[in-house]
Structures are given as structure tokens and as C-alpha cells.
Amino acid sequence: MPLTVSLGEHLPPLVLDTPFWALLAIVLPLVVGWLRRQRAVQRERRLARYAEATALARLVPMREDGERRRTWRLITAAALIGLAMAGPRWGLARGPVSSRGIDMAIALDASLSMMAPDEKPNRLERMKQEVRRLRAMSQADRVALIAFAGRSYILTPLTSDDGALELFLENLDPSVVGQAGSSIAKAMRQGTELLLASDGSADRALVVMTDGESFDPVEDVETAAREAGAKGVSVVTVGFGTARGSTIPVRDGSSVTVKTDEEGNVVVTRYSPELLEKAATAASGTFIPADASDKATRIRGALRALRTARRSVDTREDHVPRFLWLLVPALLLLVYDSWRLVAPAATAAAPAMLSWLLVLVPTVFLGCAAEPDPAALFKEGRVADAIAAYRAMVAQGDTSARTVYNLGTAILGADSLQEAQAMLEAVRKNSEGDVRARARFNAGLAALKQGRMADSPDADQQLASARDAYRAYLMERPGYADAKWNYELALRKQPPQSGGGGGGGGGGNNRNDDPPQPQSQGGLDQRQADALLNSAAREEKDVQGRKQRQGRVPRGGKDW
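Every value quoted in this text rests on a predicted model; they were computed, and no experiment measured them.

Caption draft 1: The packing of helix α6 (residues 184-196) against helix α7 (residues 218-230), seen in detail. Between α6 and α7, the shortest axis-to-axis distance is 8 Å and the interhelical angle comes to 15 degrees. Compared by their axis directions, α6 and α7 come out roughly parallel. Viewed along their axes, α6 and α7 form a crossing whose handedness is left-handed. Contacts between α6 and α7 involve I184, A185, M188, R189 and T192 from the first element and D220, V221, T223, A224, A225, E227 and A228 from the second. Split by residue class, the contact of α6 with α7 holds 7 nonpolar, 2 polar and 3 charged.

Caption draft 2: Representation of a nonpolar patch on the surface in the model. A cluster of nonpolar residues, F20, W21, L23, I26, V27, L30, V31, W34, L35 and M85, forms a patch on the protein surface that exposes about 1100 Å² of accessible area. With respect to the helices, strands and loops of the structure, V27 is situated in helix α1 (residues 24-48).

Caption draft 3: Quick peek at the pairing of strand β8 (residues 233-239). Of all 7 residues making up β8, 6 are buried, and the element is well covered by its neighbours. The parallel pair strand β7 (residues 204-210) and β8 is bridged by α7, and the resulting crossover is right-handed. When β8 meets strand β13 (residues 286-288), the two strands line up parallel, connected through 3 bridges. Across the sheet, T237 pairs through a bridge with F287, a residue of β13.

Caption draft 4: Summary view of helix α13 (residues 401-413). Compared with the 18 Å implied by 1.5 Å per residue over 13 residues, the 18 Å span of α13 between its first and last C-alpha is a close match. Most of α13 sits out of view: 10 of its 13 residues are buried. All of the buried residues in α13 are T403, V404, Y405, N406, L407, G408, T409, A410, I411 and L412. For α13, the secondary structure elements touched by its buried residues are α11 (374-379), α12 (383-395), α14 (417-429) and α15 (433-451). One or two residues past the end of α13 sits D415, with phi positive at roughly 65 degrees.

Caption draft 5: Spatial organisation of α14. Taking 1.5 Å per residue, 13 residues should reach 18 Å; α14 reaches 18 Å between its end C-alpha atoms and fits that length. Buried within α14 are the following residues: L417, A420, Q421, M423, L424, V427 and R428. In the core, the buried residues of α14 are packed alongside α13, α15 and α16 (459-476).

Caption draft 6: Quick peek at the nonpolar core. Core analysis: the biggest nonpolar cluster contains 35 residues, and L412, L448, Y470 and A483 have the highest contact counts within it. Listed by contribution, the elements that provide at least two residues to this core are α12, α13, α14, α15, α16 and α17 (481-491). If one sorts the elements of this core by residue count, α15 sits on top with 9 residues. Once residues within four sequence positions are removed from consideration, Y470 is found in contact with F441, G444, L445, A483, N486 and Y487.

Each value, and the rule that gives it
Residues numbered from 1 in each chain as written. Predicted model: local features only at pLDDT ≥ 70, side-chain atom pairs only at ≥ 80, totals over all residues. Heavy atoms only, no water. Axes fitted to C-alpha atoms, helices over the stretch in contact; angles between N-to-C directions. Helix = DSSP H or I, 4+ residues; strand = E, 2+ residues; numbered from the N terminus. Parallel < 35°, antiparallel > 145°, perpendicular 65-115°, else oblique. Left-handed = near helix turned anticlockwise from the far one by under 90°. Contact = heavy atoms within 4.5 Å. Nonpolar A, V, L, I, M, F, W, Y, C, P; charged D, E, K, R; others polar. Patch = residues over 30% accessible without salt bridge, like charges linked within 9 Å, V, L, I, M, F, W, Y side chains within 5 Å. Areas by Shrake-Rupley, 256 points an atom, 1.4 Å probe, with all protein chains shown as cover. Salt bridge = Lys/Arg side-chain N within 4 Å of Asp/Glu carboxyl O. Buried < 20%, exposed > 50% of the residue type's maximum accessible area, 1.4 Å probe, protein only. Right-handed = clockwise from strand over helix to strand, strands pointing away. Pairing = 2+ DSSP bridges. Expected span 1.5 Å × (residues − 1). Core = buried A, V, L, I, M, F, W, Y, C linked by side-chain atoms within 4.5 Å.

This is the structure in C-alpha cells:
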């Protein structure tokens, strides 16, 4: 996909890669003009040897206007070439770039102690700065953000969306995590579970950023770190703060006070590296102390040896190279000038060239008989023909994830459920982005259909697979109605009646922009299914709120 200029943003000024070469834009036209003038003078001298000026005007046509126009064409082409050699850049561009990255969960300490100003402006803001720098160094990584204090929350699932990551990062503060305190062990366990539930061939890393002032027992933190390392997750602990510590400012409207404990004593929070170092050692990972410079670069260095996966990421480039905008017109001017020189000969050869074209063009069109489009066959209901066409594409060497996905979806349309499920699962594990999401949806549909068969020997296992597939799908795309409907059907066990919502796109070589509509048979309709899921979500939120209110202050009364 070509890069496109974003007209809605402020365009950076023009810059030159090699400003010195911009002198060519002045020198080359002068040289060309001087050479053309010398040629004209030499021509006049040669002609003067044969006749006087009055006689030459009658015998030899001078064509001064044509020569003058040619001189200006060549001077303009020389100026454009000189400017192109300087490497001009301007404007902004966005576009997909193929790169390699890992899966990384970043656990961010959002406890009250991170508001301490012993690192300017405070520990929390310094931590955010390092996360942004780390993200800028690794745009192909899929990153999940976890905020923790007395408990931990997943802010974002694994994603490459910089906009979503920045939104949650910008709004991160102690109010995001309802339960006070600081529990590193819970954050490490949740980060490990999130990474292990992800798909893909890339290695996984857990980065814990905190001041180390945790109220967990040291044994709990070491156990959580050891479990993460044993499961193949690379652990990096990063410290923030200073050993001398600082008081904690607390804002109450327009006034600012300092944090006090239950006995009224002023709280002083201090950076505690011992716990972070022990956690990194238990996981055979890396510890980066608070006084280390350039923490983001050190994190990247610690994770450099991990296995990466190729991904397509959307990037923004400032000062886009624009030399072609100058070089192409210059070349066109030179081509036109050359054509003017040979125009008489070209005119004489025109009938022969036309005859060749009359013979060649029909031959080319007759030899380009188009193969039937498998996507069109699938949409027309010719599923068997579509499967045969996709199998032929695979046999000819097209084993891309999209083609194999389309083949699996076509096989699913033919109700060959086991073969389709195996093929779609393979695509899900070895692809990224939209293809992986669609493969997950249709693999879940194949499992759902098998689980709802009355005589299925492994119905429970298939329904569990369908639930896992749609639960993961809804984490990435929570608003997709068909996924909600199929997830609700997978939660219920009853004799089959319909088959759930439609497949998440299929049979197409490109995106299917018209997802099939959910069916209303089989128990609850769409509105009732949405109400059931929303009610469950509200109930879970209420339960978690009660738990937070009951356990708002951790053991020992330390709530920072």
C-alpha cells in the first residue's frame, strides 16, 4: 500500500538531505545555458563561411523559436535534477511497514507511592516516559498494559495500537486501581497468564516497573517470578525512586497535603531494590536499578535475544522523501526533447508500428483468460467449486495465511467441520491481525457446531473450545454482535436448532465488509443475549467493587 500524505496535520517545513547539492540547481542550468549558447555561436560561424547573413536567411531556416524553446526545456530539466540531487523532504506520511516484534506485558505500579517527587516530576511520570520511549523503540511489539496497586487490572490486551496504549497510559494514576497498597506478586501472575493466553510464535516478556515498595511477602514475589520464568516468560524488573525517599503529596481539591499513616505520622516512601533484584534472580531475568540511565534502551537490550514474529505495523514518517516529484518531470522533459529530435523518423514508422499493435493487442487479451475467482464462487453458493479453486491455489504454492484461511472457511461452509477446524486453528496460530481474528472466529464456529450435535462424543470439549475462542475474540473486538451471540450459545448446552451466528467472513480474497447477521433461532434472541452478557458484566463489576471496599486497606494498614 503506498504511503499517503495526511492533509489534516501540520506539515513540517522543507528539509534537504544534502544541502550542498542544492547548488547544482543553480550551476547545472548555467552550464546548460552556456553550452547551448556556445553551440549557437559555433553554428553561426560555420554557416558564415558559406554565405553572407542576408543570403543565409533565404537559404537556411534558422528555427530560432524552436531552438529557444529547447534551450529552456533543457535548463528547466537541469534545475529540477539539481534540486532532486539535494534530497528534498517535506510532509507527513503513514503506511504499513513489515517488521519483527515480541509479545510484551508491562506491569505499571499505580500505587500512591509513585506520586513521590524524588524523581522529577514524580515517579509515575518518569515511568510513563520510559514506557513511551520503549514503545518508540519497538513498534512491532504487541504490548499489554497492566496497572497494579493492592490488586492488578488489565488496561489493554496485547495490541500494536499506539493510540489505545497512549490513551490508557496518559490517564494512568492511583485512582485507576481501586484498592490501595502495592502487590507485585499479583501483577506478575496476571501478566504471566495474559501472555500465556496469547497466540503467535513470538517469545513473551514481562516488564515490571515499580519503586519496589511492595507489601507482599518476599516469598510470594519470588514464587510468582519463578513461575513466570519456568513458563518461558522473560522477566525484567525496573526500579524507580531514590533510596533517601520522599513524602507523598495528596491533593484535596486545590490544597496539597502530605500522606500520613493511621497514627498520624508522615509517610516517607523509599525505593526498595532488594525485592526487585530477588524477583529478577528467581525468574533468571534482568534487574534494572532506579539510578540506571536510559532504562528503555536497557530493557530492549535485555530482550534482544528473544524470538520475534513478523508483523505489519502502521508507522508515521516525518519529512517524507520527495525527490521523485522533481526527478520525474525532469526525465519527462528530456524524453520529450529526445522525441522532438527523432519525430520525423517516428512519423515515417508510425504505419508499421500501428500494424504491429493491431496484431499484438488482441493476442495479449486472448491469452489472458481469467481464472474463476474462488471468492465469487463461494458467494454464489458453489462451495465445492470454491474449495477446488482454493486447493489449486495452495497446490501451486500459494500457502499464505489468507489463502489457507479462505480454504478453511470454504470447507467450513461445506460442513466438513473437523478438517475446517484443524485448518483454521493452524492459521490462527501462525498469522496476525485481521486474518488471525477471523480464523479464530470461524474455528470457534466449527467447534460450536460440533459441540451442539446431538450425537457428538466430545461435545463438552468442543463447546469449551468454542467458549475459549469467542472469549478471546471478544477481548479484542468487544462490540461484534455475532461473537456475543455465538459465545452465549456456547455457554448453554442443549440440542441443536440453528448453528449460531454466521462465520466471521469467508471465502474472500479481500476483507468481507458485510458480516453475516446472527440467527434468532436456538433459544435467546440477539437482544436477550446482549442483555444476559451485560447483566453478567455489571454483576461482576459490583462484586469487584464490594471486594475493594471491604479490603481497601491492605494488611498492616499500609495503603500507599
